[in-house]
Amino acid sequence: MASNGLSSPPLPRRDSSPSLGSSVRSNPLASKVSSVLSTSYADTEFRESLALLDERGISNSAETRRQLRLDAQKEVIDSNGKIITEFGRVADQLRRIGTTIDKLNKNYLEMRGHVTVAHESTSSILEEASSLMTQRRNIETKQQVLKAFREHFVLSGDEVASLTLTAEPVDDQFFAVLAKAKRIKKDCEFLLGFESQTLGLEVMDQTSKNLNQAFQKLYRWVQKEFKTLNLENPQINSSVRRAIRVLAERPSLFQNCLDFFAEAREQILSDSFYLALTGTAASGAKDNSVKPIELVAHDPLRYAGDMLAWTHSAAVSEREALEILFISDGNEIAKGIQEGRENELWLLMADETDGPAEFDAVKALNELVDRDVSGAARILRQRVEQVIQTNEETILAYKLANLLGFYRFTFSKLLGEESILLQSMANLESEALRQFRSLMRDHITTLEGEFQQTPADLGPPEFLQDSLKQLTAIMKTYETSLASDGDREADFEPILAESFDPFLVGCSNMSRTMRAPSHSIFLINCLLAAKHTLEAFADFTRTRVSRLQSTIDEHAANLISSQYAFFRRESGLDSIFTALAPLSDSSKDDVAKVSQLETLQPQNLGAASQCLDDFLPSAVMDAMENVKHLQDAKLAREITEEAADRFCVDFEHVEALLIEADEMTEGQRGDEELRSLRELFPRTTGEIRVLLS
């Protein structure tokens, strides 16, 4: 292996003694072994060498080991020769490349010379071409600016024709051109900001003329459409709504259109109302499909109700139809009117002096509907006034007033508080109430003779009963009205003053000719009947019922005093109660005076005791007989019980004084056979209460 040059380096020496080194160098075998042992088989190059030998399939023989080194050296020499050959070829290629580069440099210098000469000869032409290109770009820019200006600020011939010629239709194209013209006019303010204002003034002047002609065309077209407009058709032409919204930018034209529309609709609704009333059109043609309202003219309430219902229905339909025209675009109309005020200088000057008035779409709608139905409202007022004036029934007059009040409230919700129709309803209602009051006063005048005839049973007189029945009908009618809860009682008070108070006053005057307690019984019966009638409608009669109850209580107190006087008088104790009333059983001086009183002398006291005994068994029956005409049995019993209770209180006071007097005189009597006061007057308070209960 050492001879082939493939041996590994020798291993390091473990002993550096001269004897061992000389021994190794002198022994070839040891050197061989040492070389083998020092070889590292983990070395990468060694392993590659072994792998190479293995690939060549070389066997381990002496011949092979000798030839291996020579073969390796030969292969190295052959490889070096091939490399030298290849580098020679590379050198040839480099020489050819150098030659080519020299030629290129020469050609470049020649071309550079030609270019320099050409540049010097064409520089003036290029400068001129550059100037022309710059001019061309400037011209193209100006053309673009001019084109944009014409597109933005100038209307084409077709657009002007569509905007101004009446032969052209009012369609989407018209509104598009109109919007463009308004935009041009607005943008002209920008042109006026330049030093030269001629262009801006000319464009604005021409555009203003076109706009004025366009609005005039639109105004005439809207008037034409209004003549044939069918508000009963829910699908109203959208172009009409759009035209109204645009026309609002010219408040004067817009108002003229509204006036024209209101006049046309007023005539149409007046003719329709006349047809509904008579079944005959304004032209005289008979319409058999319509049932005339006048067929029920014999029933004034239904007649007036049908006319009012037709008017209300027409107003509602008119409002619903006009809402589609105005309210749906209310904001746009308001904006248009505001813009028109800014454009129309005379309106702007008026606003500065009078204050700006903002457009209220709802208010404008209410005013327009009110104007539309004003013709029908005039006919309605004439017919209803005729019904009111020819009516002679009191209750019917009030029902008419209540019906008119109902529709007045309804129209106030529909058209607002300032409508002409609402004022007509208010005037008719006032007239109906005046007729009601007049009829009521006439009725009271005819009953003045009955106010002098007192009923034998002290019950409510017939005229009061009739008036209460009439009042019940009136209150039932008022109960269905739409008056607010807070105002119902106050609103109904004038009705009570006309239809109720005079009859109570008549009853009060009748009672003045009666003796007590008949006059109190009579008035209580009348007041109770009135109270029972009013209590059924406590929502708007609560205060009046309370006042009636107070009056009843006053007269009941008079009856209690009368019954109390009856108990004192019939029991024979009136003089005793009167004599002992100022005395107190807690005062010895007062007690000492008791036995000295004339009324308490034995003979008088015994007679009073006997009279009391005779009175007590039938006392309650006799007392109830006094108030037998009182129609409220419970009240009669309560009055008698209250009087009896007062009598018992007085009797208890007398009893206490008698007992105290007997106790004081008990020692003075001694053996004398004098009877005590209690022996002469033995009745006790408990017995009295039992007998009078």
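Please read these numbers as outputs of a predicted model, since none were measured by experiment. (Residues numbered from 1 in each chain as written. Predicted model: local features only at pLDDT ≥ 70, side-chain atom pairs only at ≥ 80, totals over all residues. Heavy atoms only, no water.)

Caption draft 1: Here's a closer look at the overall build of the protein chain. Counting its regular elements, the protein chain contains 28 helices and zero strands. Going through the 693 residues of the protein chain one by one, you find that 37% of them count as buried. A total accessible area of about 41,100 Å² is found for the protein chain, and carbon and sulfur atoms account for 52% of it. (Helix = DSSP H or I, 4+ residues; strand = E, 2+ residues; numbered from the N terminus. Buried < 20%, exposed > 50% of the residue type's maximum accessible area, 1.4 Å probe, protein only. Areas by Shrake-Rupley, 256 points an atom, 1.4 Å probe, with all protein chains shown as cover.)

Caption draft 2: Just helix 6 (residues 172–191), in detail. Between its terminal C-alpha atoms helix 6 stretches 29 Å, which fits the 28 Å expected from 20 residues at 1.5 Å a residue. For helix 6, the secondary structure elements touched by its buried residues are helix 4 (62–153), helix 5 (157–164), helix 7 (198–228) and helix 8 (238–247). (Expected span 1.5 Å × (residues − 1). Contact = heavy atoms within 4.5 Å.)

Caption draft 3: Just the side chain of S571, in detail. Looking at where S571 falls in the secondary structure, it is placed in the loop between helix 21 (538–570) and helix 22 (574–580). The class for S571 is buried, based on a relative accessible area of 0%. When sequence neighbours within four positions are dropped, the list of residues in contact with S571 reads F566, A608, C611, L612, F615 and F647.

Caption draft 4: Highlighting the packing of aromatic side chains. Overall, the coordinates contain 15 aromatic pairs when judged by the stated rule. Judged by centre distance (5.1 Å) and plane angle (85 degrees), the ring pair of F406 and Y407 falls under edge-to-face. Both rings, one in F492 and one in F540, keep their centres 4.9 Å apart while their planes meet at 70 degrees; by these two values the pair is edge-to-face. Of this pair, F492 sits in helix 18 (residues 485–499) while F540 is found in helix 21, placing the two residues 48 residues apart along the sequence. Its relative accessible area of 0% is what places F492 among the buried residues. On the accessibility criterion, F540 (1% relative accessible area) is buried. (Phe/Tyr/Trp six-rings, centres within 6.5 Å; stacked < 30°, edge-to-face > 60°.)

Caption draft 5: Spatial organisation of the pattern of salt bridges. Per the counting criterion, the structure on display carries 26 salt bridges. Residue R544 is joined to D501 by a salt bridge in which the shortest nitrogen-to-oxygen separation is 2.5 Å. Highlighted residues: R544 in helix 21 and D501 in helix 19 (residues 501–511), separated in sequence by 43 residues. A salt bridge links R568 to D574; its shortest N-O distance comes to 3.0 Å. For R568, a relative accessible area of 14% translates into the label buried. Several salt bridges converge on common partners, so that one network encompasses E493, D501, R544 and R547. (Salt bridge = Lys/Arg side-chain N within 4 Å of Asp/Glu carboxyl O.)

Caption draft 6: View of the nonpolar core. In this structure, F492 and F567 are the most contacted members of the largest nonpolar core, which totals 78 residues. For this core, the element with the most residues is helix 26 (residues 633–669), which contributes 12 residues. Those residues in contact with F567, other than ones at most four positions away along the chain, are F615, A619, A623, T640, A643, A644, F647 and L692. (Core = buried A, V, L, I, M, F, W, Y, C linked by side-chain atoms within 4.5 Å.)

Caption draft 7: Layout of the packing of helix 9 (residues 251–278) against helix 13 (residues 361–372). The contact between helix 9 and helix 13 brings their axes to 7 Å, and the two run at 40 degrees. In terms of their interaxial angle, helix 9 and helix 13 are classed as oblique. Contact with helix 9, carried on its side by Q255, L258, D259, F261, A262, R265, E266 and L269, involves L368, R371 and D372 of helix 13 and no other residues of that element. Taken together, the residues of the contact of helix 9 with helix 13 break down into five nonpolar, one polar and five charged. (Axes fitted to C-alpha atoms, helices over the stretch in contact; angles between N-to-C directions. Parallel < 35°, antiparallel > 145°, perpendicular 65-115°, else oblique. Nonpolar A, V, L, I, M, F, W, Y, C, P; charged D, E, K, R; others polar.)

Caption draft 8: Highlighting the environment of D487. In this structure, D487 sits in helix 18. Note: C-alpha distance between D487 and F540 (53 residues apart in sequence) is 8.6 Å.

Caption draft 9: Broad picture of the side chain of R568. Position of R568 among the secondary structure elements: in helix 21. Within the structure, R568 has its side chain in polar contact with the side chain of D574 (distance 3.0 Å). Dropping the residues within four chain positions of it, R568 is found in contact with L573, D574, F577, T578, F647 and D650. (Polar contact = N/O pair within 3.5 Å; in protein donor to acceptor, adjacent residues only side chain to side chain.)

Caption draft 10: Layout of a nonpolar patch on the surface. Together, I83, F87, V90, L94, I97 and I101 make up a nonpolar patch on the protein surface, roughly 590 Å² of accessible area in all. Summarising the element assignment, I97 is placed in helix 4. (Patch = residues over 30% accessible without salt bridge, like charges linked within 9 Å, V, L, I, M, F, W, Y side chains within 5 Å.)

Caption draft 11: A look at unusual backbone geometry. Omega for the bond connecting A516 with P517 falls within 30 degrees of zero, at 0 degrees, which places this linkage in the cis form. As for its position among the elements, P517 is in the loop between helix 19 and helix 20 (518–535).

Caption draft 12: Inspection of the confidence of the model for the protein chain at higher detail. Looking at the protein chain, the pLDDT average stands at 81 and 86% of residues meet or exceed 70. No element of the protein chain has a lower mean pLDDT than helix 12 (residues 345–354), at 46, and none a higher one than helix 14 (residues 374–390), at 91. Per-residue pLDDT stays below 50 along residues 1–24; that stretch engages in 24 contacts with residues further than four places along the chain or on separate chains. A low-confidence stretch, residues 345–356 (pLDDT under 50), is modelled with six contacts involving residues beyond four sequence positions or located in other chains. (pLDDT = per-residue confidence, 0-100.)

Caption draft 13: Layout of the packing of helix 21 against helix 25 (residues 619–626). Interhelical geometry of helix 21 versus helix 25 gives an angle of 140 degrees and a closest axis separation of 10 Å. With respect to their mutual orientation, helix 21 and helix 25 come out oblique. In this structure, helix 21 meets helix 25 at a crossing whose hand is right-handed. Contact with helix 21, carried on its side by Q563, F566 and F567, involves A619, D622, A623, M624 and N626 of helix 25 and no other residues of that element. For the contact of helix 21 with helix 25, a count of residues per class yields five nonpolar, two polar and one charged. (Left-handed = near helix turned anticlockwise from the far one by under 90°.)

Caption draft 14: Layout of helix 17 (residues 462–479). Its 18 residues place the ends of helix 17 25 Å apart at the C-alpha level, agreeing with the 26 Å of an ideal helix rising 1.5 Å per residue. Of the positions making up helix 17, those classed as buried are F463, L464, S467, L468, Q470, L471, I474, M475, T477 and Y478.

Caption draft 15: Representation of the environment of E294 in the model. Locating E294 in the fold gives a position in the loop between helix 9 and helix 10 (300–325). On a C-alpha basis, the gap between E294 and T278 in space is 6.2 Å, while along the polypeptide they are 16 residues apart. Each residue touching E294, except ones within four places of it in the same chain, is listed here: L277, T278, Y303 and R383.

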